[in-house]
Amino acid sequence: MTRLPFLANRRLRITLLALMVLLTLVAAAVTHLANVERQSAARLDFSRSPWAIAATEVETLRYGQALELLAYGRRSPEVIEEARRRFDTTWSRVDILKTGPEGRPLLRLPGYPETLAAFDKTLQEQEGLIDRLEAATPEELHAAHKAIDAIIPRLRDAFLMMLTDANYNGLRTSAAHDLLEGRLSFLLTALGSLVVLLFLLLMSEIREARRLLRQSDAMVAVLRDREAELARLHAEATDAQQRAEDANRAKTVFLAHVSHELRTPLHSILGFSETINRESFGPIQPPRYAEYVQYIHQSAEHLSTLVEDLLSLSRIEAKEYTLNEARQDLGAPCRFAADLLRAKAEEAQVTLVLKEPEGPRRVIYAEQRAMRQSVLNLLNNAIKFTPKGGTVTLAWGLNDAGAPQISVTDTGIGISSDDQRVIFDPFFQVDNGLTRQHIGAGLGLPLVKSLMELHGGSVTVQSVPGQGSCFTLTLPKDRLI
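Presented here is an overview of the structure given in this document. (Residues numbered from 1 in each chain as written. Predicted model: local features only at pLDDT ≥ 70, side-chain atom pairs only at ≥ 80, totals over all residues. Heavy atoms only, no water.)

Bringing the side chain of R86 into the picture now. Here R86 shows up in helix 3 (residues 77–99). Given the relative accessible area of 18%, R86 is considered buried. What R86 contacts, discounting residues up to four positions off in sequence, is E59, R62 and Y63. (Helix = DSSP H or I, 4+ residues; strand = E, 2+ residues; numbered from the N terminus. Buried < 20%, exposed > 50% of the residue type's maximum accessible area, 1.4 Å probe, protein only. Contact = heavy atoms within 4.5 Å.)

Each aromatic ring pair is summarised here by two numbers: the centre-to-centre distance and the angle between the ring planes. Tallied over the full model, the rule gives 3 aromatic pairs. Taking 5.4 Å as the distance between ring centres and 75° as the angle between the ring planes, the aromatic pair formed by F87 and W91 counts as edge-to-face. Residue F87 and its partner W91 are located together in helix 3, separated by 4 residues, close to a single helical turn. According to the relative accessible area criterion, F87 is buried, its value standing at 3%. Members of the aromatic cluster, joined through ring pairs, are Y63, F87 and W91. Directly above the aromatic system of F336 lies the positively charged group of R372, at a separation of 4.0 Å from the ring centroid. (Phe/Tyr/Trp six-rings, centres within 6.5 Å; stacked < 30°, edge-to-face > 60°. Lys NZ or Arg CZ within 6 Å of the ring centre and 35° of its normal.)

Pairing is possible between side chains of opposite charge, provided their charged atoms come close. On inspection of all chains with the given rule, the structure shows 15 salt bridges. We note a salt bridge from E325 to R479, for which the minimum N-O separation is 2.7 Å. Of this pair, E325 sits in strand 1 (residues 325–329) while R479 sits in the segment after strand 7 (468–474), and the two are 154 residues apart along the sequence. Taking relative accessible area as the criterion, E325 reaches 25% and is therefore assigned partly exposed. Take R479: its relative accessible area is 13%, and that puts it in the buried class. In this structure, R335 and E356 form a salt bridge, with 3.8 Å as the shortest nitrogen-oxygen distance. Of the two residues, R335 sits in helix 8 (residues 332–347) while E356 sits in the loop between strand 2 (351–355) and strand 3 (363–367), which places them 21 residues apart along the sequence. Since its relative accessible area comes to 49%, E356 is described here as partly exposed. Residues participating in the shared-partner salt-bridge network are E59, R62, E82, R85 and R86. (Salt bridge = Lys/Arg side-chain N within 4 Å of Asp/Glu carboxyl O.)

Overall, mixed pairing links the 5 strands, which are arranged 2-4-5-7-6 in an open sheet. In this open sheet, the two strands that pair with only one neighbour each are strand 2 and strand 6 (458–464). On average, each strand axis in the sheet is inclined to that of its neighbour by 15°, with strand direction left out of account. The pairing of strand 4 (residues 391–398) with strand 5 (residues 404–410) spans 7 bridges and is antiparallel. Opposite G397, over in strand 5, you have Q405 as the bridge partner. Against the sheet, helix 8 touches strand 2, strand 4 and strand 5, its axis set at about 165° to strand 2. (Pairing = 2+ DSSP bridges. Axes fitted to C-alpha atoms, helices over the stretch in contact; angles between N-to-C directions.)

Here is the structure:
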């Protein structure tokens, strides 16, 4: 240990021991594989090689005959299928001669590798012709047949050369020896590479240990600098958060003041326009003014709803919205919304259906105003975006998990999958021709989502464009009494 101080590192000692064991195992494996290869070489038998060439020649002749029949007008489906089958069989026989055990010893025959390469190239060139045999011209088929006929004599020459070659037995022996030498050479090369790799790994471990020792003090200094930097960033983040909270509170106060200032004149506009519209003090002259007064009243109602929704969202965002919860019937907000919007549905020629559940009445613990507002927003949207003759269904009850839920289903325009991901964002509106015909600021659905989350629940949507949508309000099971 005194002469090799780096061995004091326990990790390095374990690595060195593992390398020695691994080298021992690799040496034993190489010895075993060498014995196995010698035994395999002794059993090598290339007696099937001539028959592999003969079988390839026969398949090639059959393929050429099929091409000849097609070239002379015999284009029945059976002949076309036979040509394709013979093409596939011939090509598979060529692959066997190139890579199979029957063909490897034949690569030593003079001119044999060139014959295989030419054969393979010819088949590759004819592959496109085989795919379109029905439309092939006689000239193309004659050319393909001629190319195949040029290959067959070369295969037959290779077959006869093997049968008449006096060195065939020596060919087999030298091939077996070459196979054994090649595999042993691969194993020895792999072993040498492994030894070099393990040596480099050991040296890398030694350098890494020395580097870590040299940099320990520098790392401590860096950590101290990082700690000071993190403290500074934390202080800046805290200050930024405080400023953001102050700005949010200022926004909430501003919206509250603005909404108060807007609601006072809005109430006057609504009251006076409704009085004029009823002609309480006499008829409106000229009659066109009555239409203008109705527009003024509708615009004031829309602006009043927008102000209320914006104020509610701001209070929820500022966490200043307090739920005034009480016991209520699960169907009460549904009946309230249906009674309030039934006239609007009739005016739009939309059928409004209430689907009451069977069984005992379900009582929940929730804020009445929030539940009514949520159902009203969903039902109003469903009526608004359902064309004439459509149906809107309002249902309530318990889902499969036993949680209370309310669903609003329509046969309207539907919502695309892309819009479903952002439809609950404030001020978002579905961008198509029908929706642009209706007024709205895009605050209804975000308000429903916020009110449901205050109750610990959720709102979900399932929709298919052109078929309709289904919005579902789900409350936690613990709100069921």
